[in-house]
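So you can see what is in the structure, the chains are spelled out below.
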Amino acid sequence: MVGFVALVLAAGLPRLLPDTPFVHLDQGRLHVGVGFIGAALAFWVLGAKLRAAISALAGLALLGSIALFFANAHAPPAPEAAPDISLISFNVLGFNPRGAEIAAYLANEAPDVAFVLEAPALHQHMDTMNAAFAHRAGCWPGPSCDMAIFSQHPLVDVEIVPFFTVHGRLLIATLDLPAGPVTLVAAHLTKPYYGNWHDLQLGRLFERLSQIEGPVGWAGDFNSQAFVPAFREALIERADLRLASRMQPTWPALSSSRLSYAGFAIDHVLVGGGLEPVSVSVIEDPLGSNHRGLMSRFALPAR
């Protein structure tokens, strides 16, 4: 009974009290929905059919709301398209002792562009990164450095946008590729329960997006599920971006990849301006990080 009441509170409080800290419980909507379905099965076995029905309806309502969001917000992949650009976005964990392995992995994969979040983990391995990537930008190096972009192609109009907290958590750069220019944005948002920083940052993301023309790809650690209202309203509804990544759990990255699937999808890839996702996959081995990275491939719109 205590567990059932906890599920009810977790499901209802974000909607009943949206302007309070309880709104952050909505980050667990998927898990609560699955919990209600599990409770329904348990109640059914125990013969408590009314409770089973109530639990099942609650679970289906929560999971259905996520499915409806995803159906409207997802940019379906086009696997038949020839990719024009590949991108790895990876929060590598700033104090990760396996920085050498991460640098070797990125050099071996050799994507067109790599977004490295919490980049100090690679400070001692710049020779490996410089050998694999001819161009880079970001707050590198420094004690407050958070993010760097490594690229096989020249980076044009690089901008580090003030982002209210740690310097360098929003980077914008344009790549001039043979297939055409594309703007890439790397973002690392503050956790949503740290005051109102997260909402301010989402507003800044929308503000900057409105100034970008043409194909755009956004990736990074948003520290939020995509279906929560603040994320949905700022980036899906107002900015008209679409999710290229699916509901792939990326945090926490546990030693067992199967256990990691019980985590949260807080790292995302979004597209706009005609940029077409060809594929987005999770990097299964976190290489010592608490996140799993995302490998993406995109096709630019025909000129």
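Quick look at the structure, then. These figures come from a predicted structure and were not determined experimentally. (Residues numbered from 1 in each chain as written. Predicted model: local features only at pLDDT ≥ 70, side-chain atom pairs only at ≥ 80, totals over all residues. Heavy atoms only, no water.)

1. As for the side chain of serine 151
Structurally, serine 151 can be placed in strand 4 (residues 147-151). Separated by 2.7 Å, the side chain of serine 151 and the backbone oxygen of histidine 153 make a polar contact. Among residues more than four places away in sequence, those in contact with serine 151 are Asp112, Val113, Phe133, Ala134, His135 and Leu175. (Helix = DSSP H or I, 4+ residues; strand = E, 2+ residues; numbered from the N terminus. Polar contact = N/O pair within 3.5 Å; in protein donor to acceptor, adjacent residues only side chain to side chain. Contact = heavy atoms within 4.5 Å.)

2. Description of the packing of helix 2 (residues 29-46) against helix 3 (residues 49-73)
Two numbers describe how helix 2 lies on helix 3: the axes approach to 7 Å, and their chain directions differ by 155°. In terms of orientation, helix 2 lies roughly antiparallel with respect to helix 3. Seen from above, helix 2 lies across helix 3 with left-handed handedness. Along its contact with helix 2, which presents Arg29, Leu30, Val32, Gly33, Val34, Phe36, Ile37, Ala39, Ala40, Phe43 and Trp44, the element helix 3 presents Lys49, Arg51, Ala52, Ser55, Ala56, Ala58, Gly59, Leu60, Leu62, Leu63, Ser65 and Ile66. (Axes fitted to C-alpha atoms, helices over the stretch in contact; angles between N-to-C directions. Parallel < 35°, antiparallel > 145°, perpendicular 65-115°, else oblique. Left-handed = near helix turned anticlockwise from the far one by under 90°.)

3. Regarding the packing of aromatic side chains
Under the criterion given, the structure shown has three aromatic pairs. Relative to phenylalanine 231, the ring of phenylalanine 222 has its centre 5.5 Å away and its plane inclined at 70°; by these criteria the two rings are edge-to-face. Both residues of the pair, phenylalanine 222 and phenylalanine 231, count as buried. Aromatic pair tryptophan 251 and phenylalanine 264: ring centres 6.1 Å apart, planes at 45°, arrangement tilted. You can see tryptophan 251 sitting in the loop between strand 9 (242-243) and helix 8 (257-260) and its partner phenylalanine 264 sitting in the loop between helix 8 and strand 10 (267-272), a full 13 residues away along the chain. Here tryptophan 251 falls in the partly exposed class, since its relative accessible area comes to 32%. One cation-aromatic arrangement involves lysine 49 over tryptophan 44; the distance from NZ or CZ to the ring centre is 5.1 Å. A cation over a ring is seen here: arginine 238 above phenylalanine 206, with NZ or CZ 3.8 Å from the ring centre. (Phe/Tyr/Trp six-rings, centres within 6.5 Å; stacked < 30°, edge-to-face > 60°. Buried < 20%, exposed > 50% of the residue type's maximum accessible area, 1.4 Å probe, protein only. Lys NZ or Arg CZ within 6 Å of the ring centre and 35° of its normal.)

4. Focus: the packing of helix 6 (residues 197-209) against helix 7 (residues 229-238)
At their nearest, the axes of helix 6 and helix 7 sit 10 Å apart, and the two run at 0° to each other. One finds that helix 6 runs roughly parallel with respect to helix 7. For the pair helix 6 and helix 7, contact is made by Asp199, Leu202, Leu205 and Phe206 and by Ala230, Phe231, Ala234, Leu235 and Arg238, respectively. Its residues assigned to classes, the contact of helix 6 with helix 7 shows seven nonpolar, no polar and two charged. (Nonpolar A, V, L, I, M, F, W, Y, C, P; charged D, E, K, R; others polar.)

Nothing here speaks to function; it is all geometry.
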